[in-house]
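A closer look at the structure
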Amino acid sequence: ALDDEHRYVVTARDVSARKASEDALRNFVSMTSHEFRTPLTAIVGFSQTMQANWADLDDDTKLHHLSIIEKQATRLARLAKDTLQIARLDSDAMEPLREPIEMAEAVHQVLEVMGIASTVDLDVAPGLVFVDVDHLQEILINLVTNAQKYGEPPIEISGSVVGEQYELAVRDHGPGVAEDFVPDLFKRFTRSHSRRERRKQGSGLGLAIVSGLAHVNDGTIRYEGGGEGASFIVSVPMATPFDADD
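The residue numbering used here restarts from 1 in each chain and proceeds along that chain's sequence as written. Confidence filtering applies because this is a predicted model: local features only for residues at pLDDT of at least 70, side-chain atom pairs given and counted only at 80 or more, and all residues used for totals across whole chains, interfaces and linings. Working from all heavy atoms in the structure, the side-chain values ignore hydrogens and water.

1. Here we look at the pairing of strand 3 (residues 128-132)
Short version of the rule: Burial status follows relative accessibility: with a 1.4 Å probe on protein chains alone, a residue under 20% of its type maximum counts as buried, one over 50% as exposed, and anything between as partly exposed. Every helix listed is a DSSP run of H or I at least four residues long, and every strand listed is a run of E at least two residues long, numbered separately from the N terminus. At least two bridges found by DSSP between two strands is the condition for calling them paired.
Most of strand 3 is tucked away: 4 of the 5 residues are buried. Alignment of strand 1 (residues 98-102) against strand 3, held across 5 bridges, turns out to be antiparallel. Paired with Pro100 across the bridge in strand 3 is Phe130.

So this is what it looks like as structure tokens:
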């Protein structure tokens, strides 16, 4: 009889996306904790050494210890800044304040602030782009700093209008990026395993931040190797008359 039948209602829910998000967060926290631990250990260790042995240390040794503390504190501050930027990108809380910006002027201003305007080869065509100026500046600073740290001079910055996009390229004349590392270039906390690059200290977040900032401004970032040096090309939208009127 119908009354004697057992009926069941089964609800299925796909939690794979949530699990992937939780795994990504767990990995991010783990990697962040690891990255912070190294400079913190150095700061605490050398501070304790100086306090315990102050009277026995000569001035040169004290200055050496202080220079290490300062270097690691600077690294820690950069890590904190970069981690906060990544967290903002992840939370979708970053609303770009996009406006028409003259690219050639923006590039020159960044290089002036960095104090390297006379050492970089520029070939940047005029072009009105529609971006957040602070984001554009951070993208440029990260790419130029990356070229200084991992490449070789001269550093070249070129830019031109390509259709409805403006392409800005930052190139160095170093050894380039190892082919097996290219797929991981824009991932977080990734560094090449080459001996040369292991000696360089960095947060491992710079290129991930560049990629995220380009994305929120409706742009892209790509790497081009081959031959001598490494080239990173940022593509951002050109400003339209409608944008300029805003």
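2. Here we look at the sheet that holds strand 4 (residues 155-162)
As a reminder, the rule being used: Orientation is described by lines fitted to C-alpha atoms, with helices fitted over the stretch in contact, and by angles between N-to-C directions that extend from 0 to 180 degrees.
A sheet is described by the order of its strands in space; here 5 strands give the open sequence 2-4-5-7-6, paired in mixed fashion. Each end of this open sheet is capped by a strand with a single partner; those strands are strand 2 (120-124) and strand 6 (220-224). Neighbour to neighbour, the strand axes of the sheet diverge by 15 degrees on average, direction disregarded. Note: strand 2 against strand 4, 5 bridges, orientation parallel.

3. Comments concerning the side chain of Lys62
Convention followed: Residues scored as positive are Lys and Arg, those scored as negative are Asp and Glu, and His as well as the terminal groups of each chain are ignored. Between Lys or Arg on one side and Asp or Glu on the other, a salt bridge is scored when a side-chain nitrogen of the former is within 4 Å of a carboxyl oxygen of the latter. Polar contact is the term for a pair of N or O atoms within 3.5 Å; when the atoms are in protein, one must be able to donate a hydrogen and the other to accept it, and sequence-neighboring residues count only if both atoms are side-chain atoms. Between two residues, a contact is recorded if the distance between any of their heavy atoms is within 4.5 Å.
Inspection of the secondary structure assignment puts Lys62 in helix 2 (residues 59-90). Here Lys62 sits buried without a salt bridge, and the closest side chain of opposite charge, Asp59, lies 4.4 Å off (N-O distance). A polar side-chain atom of Lys62 sits 3.4 Å from the main-chain carbonyl oxygen of Trp54. Those residues in contact with Lys62, other than ones at most four positions away along the chain, are Met50, Trp54 and Leu57.

4. Points about helix 4 (residues 133-150)
Our working rule: What a helix is expected to span follows from its residue count: subtract one and scale by 1.5 Å.
Its 18 residues give helix 4 an end-to-end C-alpha distance of 26 Å, which sits within 8% of 26 Å, the value for a rise of 1.5 Å per residue. Turning to helix 4, its buried residues number three or more, namely His135, Leu136, Glu138, Ile139, Leu140, Asn142, Leu143, Val144, Asn146, Ala147 and Tyr150. At the N-terminal end of helix 4, a side-chain oxygen is found 2.9 Å from the backbone nitrogen of Asp134, two or three residues along, and the residue is Asp132.

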